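The chain contents come next:
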Amino acid sequence: MASGAKGVNPLIARLLPASDQRAARQTLWIGAITAAQLFASTVQVALSARILGPEGFGVLAVIIAVTSLLYRFVSLPGNEVITTFVTRSLAEGRMEEATGTLRFTFILSQALSLVSYTLLAAATLAVSGLLGDAEGYGSSLLVYGIGGVAAATVRESMALLRLADQLRLGFAVALVSAAARIAFLLAAWLTEAGLIIVVLAYVAGDVISGVGLFIAAAFSERKAGLPGFLRSLSARAPGRDVIAFQVGSFWRASVEAVILHIDVILIASIVSLNQVGLYRAAHQIIDATRHPFRSISTGVQAEYSRLWYGGDMAAVRRISRNFALLSLAAAVAGYSLLAIIHEPIIRIVLGPSFEEAALPLLFLLPGALAFAVVAPLYVLPAATGRAIPHLASSLATLAAMVAAMSILAPKYGAEGAAWANSIGWIAFAAVFAPFIVATLRRSHAAAQ
């Protein structure tokens, strides 16, 4: 496994110990990947909004929500299995076990994506009925679903690149994927194309990401200490502890899928597609601001696992403290600025037809802040082999969000849905906090 100060910025090398250097290096590369994705996402939303308008953007939001819900509901967050248990096997010198777990995770993720597409095809008629155009929107839904099959192992490939310390390859793929999405959407805008071309642009990006990252991961297997990963298609189920973690992760991912996408489906059945479009447009901007905080959590998770199973508990606590302070400072500064300039941001990114999305965007800020505060820490329990804390917090988030949505959305439309979303994420941070404290206490006990 790659280590040391190779590729580290000289300033980082002077200021940080070796364990922190690796975490900082990976966080910087993930930050670069996030920047590319953030740029592509912003341009993608801007062009899609201008091509489709609020109502058409609402239709696209429902298509994305239904497809993403099915794919994530029937999925396994294999990146966490790789980060936690493949890392553990490597640290303990069990190479065959590490390779078997890795191969099993990739095959299972791809198989589940095919199951998801089958379910999507079966659900097409009902969803198209919700949108009011069974023939036109149904075909767009099926086309969009192809991207989910192509991108089924994106998270697993990124996890392998983190183990190999080869995230620069992920950055290259992100750039190509971003360019493809933008090129397709620019062509659609210039030719005044409709929904199906916008959907094809999204699918093109997913295909490039999925295939490109898998190839990059395959070329990095030796640097990850896992030669032979692709020499066989046979997969042997991992041990009981890994299976137990996967079961917990499966249910947590299913709950998270509902949390992330049920809001659009709920309000689509309550309010007009125009209101759905306004809410989703505001949510897209807020979701883009979450990318840097997700990159921090992704960057430190592998290092948490490596240090935890290596017995360096002091380094675990130091890294968690440093990155938590970094995230808190960035969140307070960034969201305060967005609260001040949110109206011109709406006009610049989405265009004048989306000015009514200004208040929903403002109401989404408290939830975004709550997520950002816990972002570097919420991966800590999973990195140490415990999936239940995230599942419990996700269930609390879902309950709070759905309850608030059912009360506020019928009366206040997009603005009520935005408040409900914030309430859900505040609940997530509040419920997760005790689990973070408990994990840090475990680190103290393990060090004694």
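Residues numbered from 1 in each chain as written. Predicted model: local features only at pLDDT ≥ 70, side-chain atom pairs only at ≥ 80, totals over all residues. Heavy atoms only, no water.

Colleague: Go over the overall build of the chain with me, naming the residues and quoting the values.
Modeller: Across its full length, the chain carries 15 helices and zero strands. Sorting the 448 residues of the chain into buried and exposed places 57% on the buried side. Considering only intrachain contacts with a sequence separation of at least 6, the fraction spanning at least 24 residues in the chain is 83%. (Helix = DSSP H or I, 4+ residues; strand = E, 2+ residues; numbered from the N terminus. Buried < 20%, exposed > 50% of the residue type's maximum accessible area, 1.4 Å probe, protein only. Contact = heavy atoms within 4.5 Å.)

Colleague: Before we move on, can you summarise helix H14 (residues 388–412) with the specific residues and values?
Modeller: An α-helical segment advances 3.6 residues per turn. Residues three or four places apart therefore align on the same side. Along its 25 residues, H14 runs 35 Å from first to last C-alpha, staying within 8% of the 36 Å computed at 1.5 Å per residue. Taken together, the buried positions of H14 are occupied by Pro389, His390, Leu391, Ser393, Ser394, Thr397, Leu398, Met401, Ala404, Met405 and Ala409. Note on H14: the residue one or two positions beyond its end, Gly413, has a positive phi of about 65°. (Expected span 1.5 Å × (residues − 1).)

Colleague: So what about the environment of Ser113? Which residues, and what values?
Modeller: Among the structural elements, Ser113 can be located in helix H4 (residues 95–131). It is 9.6 Å that separates the C-alpha atoms of Ser113 and Gly145, two residues lying 32 residues apart in sequence. With sequence-adjacent residues up to four places away left out, Ser113 is seen in contact with Tyr71, Gly148, Val149 and Ala152.

Colleague: I'd like a rundown of the nonpolar core, residues and numbers included.
Modeller: One broad rule of soluble globular proteins: the nonpolar side chains tend to lie buried together. Counting residues in each nonpolar core, the largest one holds 100 residues, and the members touching the most others are Leu60, Tyr304 and Leu350. With 18 residues, helix H2 (residues 18–73) is the largest single contributor of residues to this core. What Leu350 contacts, discounting residues up to four positions off in sequence, is Val45, Ala49, Arg50, Ala281, Ile285 and Ile345. If you look at the next biggest cluster of nonpolar residues, it comprises 13 residues, including Leu90, Ala98, Ala164 and Leu226. (Core = buried A, V, L, I, M, F, W, Y, C linked by side-chain atoms within 4.5 Å.)

That is the geometry; function is a separate question.
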